[in-house]
Amino acid sequence: MAASMKTAAGMSNMLQFMKFIGQLKRVPRTGWVYRNVKKPESVSDHMYRMAMMSLTITDPKVNKDRCIKLALVHDMAECIVGDIAPTDNISKAEKHRREEEAMKHLSALLPEGLKQEIYGLWEEYETQSSPEAKLVKEFDLLEMILQAHEYEELEGTPGRLQEFFDSTNGRFHHPHALQLLSSLNEERGRHMTKTDEAKNCGNSQTTGAASSHTS
């Protein structure tokens, strides 16, 4: 009887944990909200693609499974504290304190072993204390600028979100991340060139039409 009650209580806590995690699907990424992006991605959208980036790693020196776990956990606290952006004027220390408190609350809902694992993963990412944590941080930045590029494409506004790219300068080091970055920059450059050519063509046609009208 006592064991079944304990199991029921454990599953009730697990259900509450899953409901908290589900809120990440409804927390928009603040940077896009502040830039007036229509239908901005959620935090869970961001973490999912980071996890897929981790899954594609072929570096034998990196623990792929650990990278996936770090990607899935690193922003978990935002289901409680929200996505705090640098422009929110909240210090890094205060941001860390809020997120630490949230992670303690979330992990307390889990069985002991899992509690330690998930909190430990979050702490590892926060302190950047492993090669995997450092790589996943690069994926965090890479996913952000890939999303910025996609928004520019969707809006037809090349270069509008340049500040996000500028904020990542010099922060990529792993060969896999650097290769993806190179491909992204090439594609973005081609897209911007095509847009400039289309604008110039449109301008020359307008000028020509105006000239023939006044002649």
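Here the residue numbering is sequential within each chain, running from 1 through the sequence in written order. Selection of residues for local features in this predicted model requires a pLDDT of at least 70, selection of side-chain atom pairs for listing and counting requires 80 or more, and totals for whole chains, interfaces and linings are taken over all residues. Where side-chain values are given, they derive from all heavy atoms of the structure, hydrogens and water being excluded.

Draft legend 1. Representation of the nonpolar core in the model. Residues enter a nonpolar core if they are buried and are Ala, Val, Leu, Ile, Met, Phe, Trp, Tyr or Cys, with the set joined through side-chain atoms within 4.5 Å. Relative accessible area decides the class of each residue, using a 1.4 Å probe on protein chains only: under 20% of the type maximum gives buried, over 50% gives exposed, and in between gives partly exposed. In terms of nonpolar packing, the biggest core is built from 48 residues, with Phe17, Trp32, Met103 and Ile145 touching the most fellow members. Within the residue set of this core, elements represented by two or more residues are helix H1 (2-22), helix H3 (43-55), helix H4 (64-73), helix H6 (92-107), helix H7 (112-127), helix H8 (131-155), helix H9 (162-166) and helix H10 (175-214). Not counting chain neighbours up to four residues away, the residues in contact with Ile145 comprise Phe164, Phe165, Thr168, Phe172, Leu181 and Leu184. Strands are runs of DSSP state E lasting at least two residues, helices are runs of H or I lasting at least four, and both sets are numbered from the N terminus onward. Here, two residues are considered to be in contact whenever any of their heavy atoms come within 4.5 Å of each other.

Draft legend 2. Region of the structure containing a nonpolar patch on the surface. On the surface, Tyr48, Met52 and Leu55 cluster together into a nonpolar patch covering about 310 Å² of accessible area. Turning to its location among the elements, Met52 is positioned in helix H3. The residues that make up patches have over 30% relative accessible area and no salt bridge, and they are joined within 9 Å when like-charged or within 5 Å when they are Val, Leu, Ile, Met, Phe, Trp or Tyr. Here the open area of atoms and residues is found with the Shrake-Rupley method and a 1.4 Å probe, where only the protein chains shown may cover a residue. In the sections that follow, a salt bridge refers to a side-chain nitrogen of Lys or Arg positioned within 4 Å of a carboxyl oxygen of Asp or Glu.

Draft legend 3. Region of interest: H7. By definition here, a helix of n residues has an expected span of 1.5 Å times n minus one. A rise of 1.5 Å per residue sets the reference length of H7, with its 16 residues, at 22 Å; its end C-alpha atoms lie 22 Å apart and thus fit the reference within 8%. Residues of H7 that are buried include every one of Ile118, Tyr119, Leu121, Trp122, Glu124 and Tyr125, and no others. After H7 finishes, the residue Gln128 shows a positive phi value of roughly 50 degrees.

Draft legend 4. Summary view of H3. Given a rise of 1.5 Å per residue, 13 residues ought to cover 18 Å, and the 19 Å separating the end C-alpha atoms of H3 matches this to within 8%. When H3 is considered as a whole, its buried residues turn out to be Val43, His46, Met47, Met50, Ala51, Met53 and Ser54. Seen along its axis, H3 keeps its buried residues to an arc of 155 degrees; they face one direction. For this quantity, the arc is that covered by the directions from the helix axis to the C-beta atoms.

Draft legend 5. Focus on the packing of aromatic side chains. Stacked, edge-to-face and tilted labels apply to pairs of Phe, Tyr and Trp rings (six-membered ring for Trp) whose centres lie within 6.5 Å, assigned for plane angles under 30 degrees, over 60, and everything in between, in that order. Under the counting rule described, the total for this entry stands at three aromatic pairs. A ring pair is formed by Trp32 and Phe164, whose centres lie 4.6 Å apart and whose planes are at 40 degrees; its orientation type is tilted. With a gap of 132 residues between them, Trp32 in helix H2 (residues 30-34) and Phe164 in helix H9 connect regions that are remote in the sequence. With respect to burial, Trp32 and Phe164 carry one shared label: buried. Plain terms: the ring middles of Tyr119 and Trp122 are 5.6 Å apart, the flat faces sit at 45 degrees to each other, and that makes the pair tilted. Taken together, the residues span about one helical turn, with Tyr119 and Trp122 both in helix H7 at a distance of three residues. For the residue pair Tyr119 and Trp122, the accessibility class agrees, reading buried in each case. One aromatic cluster in this structure is built from Trp32, Tyr151 and Phe164. We call a charge positioned above a ring when the Lys NZ or Arg CZ atom is no farther than 6 Å from the ring centre and deviates by at most 35 degrees from the ring normal. For Arg188, the ring lying beneath its charged end belongs to Phe165, and the centroid distance is 3.6 Å.

Draft legend 6. The layout of surface pockets, seen in detail. Here a cavity denotes a set of grid points, spaced 1 Å apart and computed over the protein atoms alone, in which a 1.4 Å probe fits but from which it cannot get out, and a pocket denotes an open set meeting protein on both sides within 12 Å along at least five of seven lines; residues with an atom within 4 Å of a point are reported as lining. Grid points are joined across faces, edges and corners, and a volume is the space filled by probe spheres set on the points. Reported here for the largest pocket is a volume of approximately 1,100 Å³. Looking at the largest pocket, it is lined by 30 residues, and the ones nearest its centre are Ile84, Pro86, Lys95, Lys137 and Asp140. At the level of elements, H2, H6, H7, H8 and H9 are the ones that each hand at least two residues to the lining of the largest pocket. For the lining of the largest pocket, a count of residues per class yields ten nonpolar, seven polar and 13 charged. In this structure, the second largest pocket spans a volume of roughly 310 Å³. Lining the second largest pocket are 16 residues, and of these Ile21, Met47, Leu72, Val73 and Met76 lie nearest its centre. The element that contributes the greatest number of residues to the lining of the second largest pocket is H7, accounting for four residues. Considered class by class, the residues forming the lining of the second largest pocket number twelve nonpolar, one polar and three charged. By the convention adopted, Pro, Cys, Tyr, Trp, Phe, Met, Ile, Leu, Val and Ala count as nonpolar, Lys, Arg, Asp and Glu as charged, and the other residues, Gly among them, as polar.

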